[in-house]
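Chain by chain, the residues:
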Amino acid sequence: MAAVHEVGIARTILEMAERELADRGVSDEVERIVFSAGRLNAVIPEILVFNFDVLKRDFPRFAGALLEVEETPIRARCRACAKGFEIDEPLFVCPDCGSPAAVESGREMILQRIVIRDPSKAG
Ligand SMILES: [Zn+2]
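Keep in mind it's a predicted model, so treat the numbers as computed, not measured.

Participant: Whenever I open this one, the side chain of Ser36 confuses me. Can you help?
Facilitator: Within the secondary structure, Ser36 sits in strand β1 (residues 30-38). Exposure remark for Ser36: the relative accessible area of 1% places this residue in the buried category. Polar side-chain contacts of Ser36 include one of 2.9 Å to the side chain of Gln112. Residues contacting Ser36, with those up to four places away along its chain left out, are Glu70, Thr72, Glu108, Met109, Ile110 and Gln112.

Participant: What am I meant to see in the sheet that holds strand β4 (residues 84-87) here?
Facilitator: Note on sheets: strands pair through backbone hydrogen bonds, and any given pair is parallel or antiparallel. Spatially, β4-β3-β5 is the arrangement adopted by the three strands of the open sheet, whose pairing is antiparallel. Edge positions in the open sheet fall to β4 and β5 (101-105), since each of these has one partner strand only. In this sheet, neighbouring strand axes are inclined to one another by 35 degrees on average, regardless of whether the strands run parallel or antiparallel. Note that strand β3 (residues 74-78) and β5 share four bridges and pair antiparallel. The partner of Arg77 across the bridge, within β5, is Ala102.

Participant: Can you help me understand the nonpolar core in this one?
Facilitator: Burial of nonpolar side chains together is a common tendency in soluble globular proteins. Among the nonpolar cores identified, the biggest contains 21 residues, and Ile13, Ile33, Phe35, Leu48, Phe52 and Phe62 are the most heavily contacted of them. Elements with a contribution of two residues or more to this core: α1 (5-24), β1, α2 (45-55) and β6 (109-116). Among all residues touching Ile33, those that are not within four sequence positions of it are Ile13, Ala17, Phe52, Phe62, Leu66, Leu67, Glu68, Leu111 and Arg113. Core analysis: the next-biggest nonpolar cluster, separate from the first, contains seven residues, Ile74, Ala76, Ile87 and Cys94 among them.

Participant: Would you take a moment to explain the coordination of the zinc ion for this structure?
Facilitator: Geometry sets the ideal angles at a metal, namely 109.5 degrees for four tetrahedral donors and 90 or 180 degrees for six octahedral donors. Taken together, the protein ligands of the zinc ion are Cys78 (SG), Cys81 (SG), Cys94 (SG) and Cys97 (SG), with distances of 2.2 to 2.4 Å. One can describe the site at the zinc ion as tetrahedral: its four donor atoms subtend angles covering 98 to 122 degrees at the metal. Donor residues for the zinc ion sit on one chain with the sequence pattern C-x2-C-x12-C-x2-C. With a gap of 13 residues between them, Cys81 in the loop between β3 and β4 and Cys94 in the loop between β4 and β5 connect regions that are remote in the sequence.

The rules behind these values
Residues numbered from 1 in each chain as written. Predicted model: local features only at pLDDT ≥ 70, side-chain atom pairs only at ≥ 80, totals over all residues. Heavy atoms only, no water. Helix = DSSP H or I, 4+ residues; strand = E, 2+ residues; numbered from the N terminus. Buried < 20%, exposed > 50% of the residue type's maximum accessible area, 1.4 Å probe, protein only. Polar contact = N/O pair within 3.5 Å; in protein donor to acceptor, adjacent residues only side chain to side chain. Contact = heavy atoms within 4.5 Å. Pairing = 2+ DSSP bridges. Axes fitted to C-alpha atoms, helices over the stretch in contact; angles between N-to-C directions. Core = buried A, V, L, I, M, F, W, Y, C linked by side-chain atoms within 4.5 Å. Donors = N, O, S within 2.8 Å, 3.2 Å for Na, K, Ca; no water. Tetrahedral: all angles 85-135°; square planar, octahedral: opposite > 155°, others 65-115°.

Below, the structure written as structure tokens:
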């Protein structure tokens, strides 16, 4: 089976979230993490969530956390007519004039939100 890069991404998400909460001085448990990945990363959300659920056991405050994955579109711009457009697949051809286009975004991976468990709802 091919190497699954979602394992590394899941670990990075947990480490980034842990660092972020440490910086904010938050010690509570996490309920939910929202993560967005540009489609050029070719992240498969189901596999990422599966790996997150395995790895989160090593990060106590994330043990009950859910991971939500949002895929963001690939944006490109035509080199000839400068039209900007969004694509789902990495086929970088201008829809207007058919010229080659350059990638503008689609590689980003962003930790959008960390939702802390509300202590008043615990128990
Ligand atoms: Zn064009």
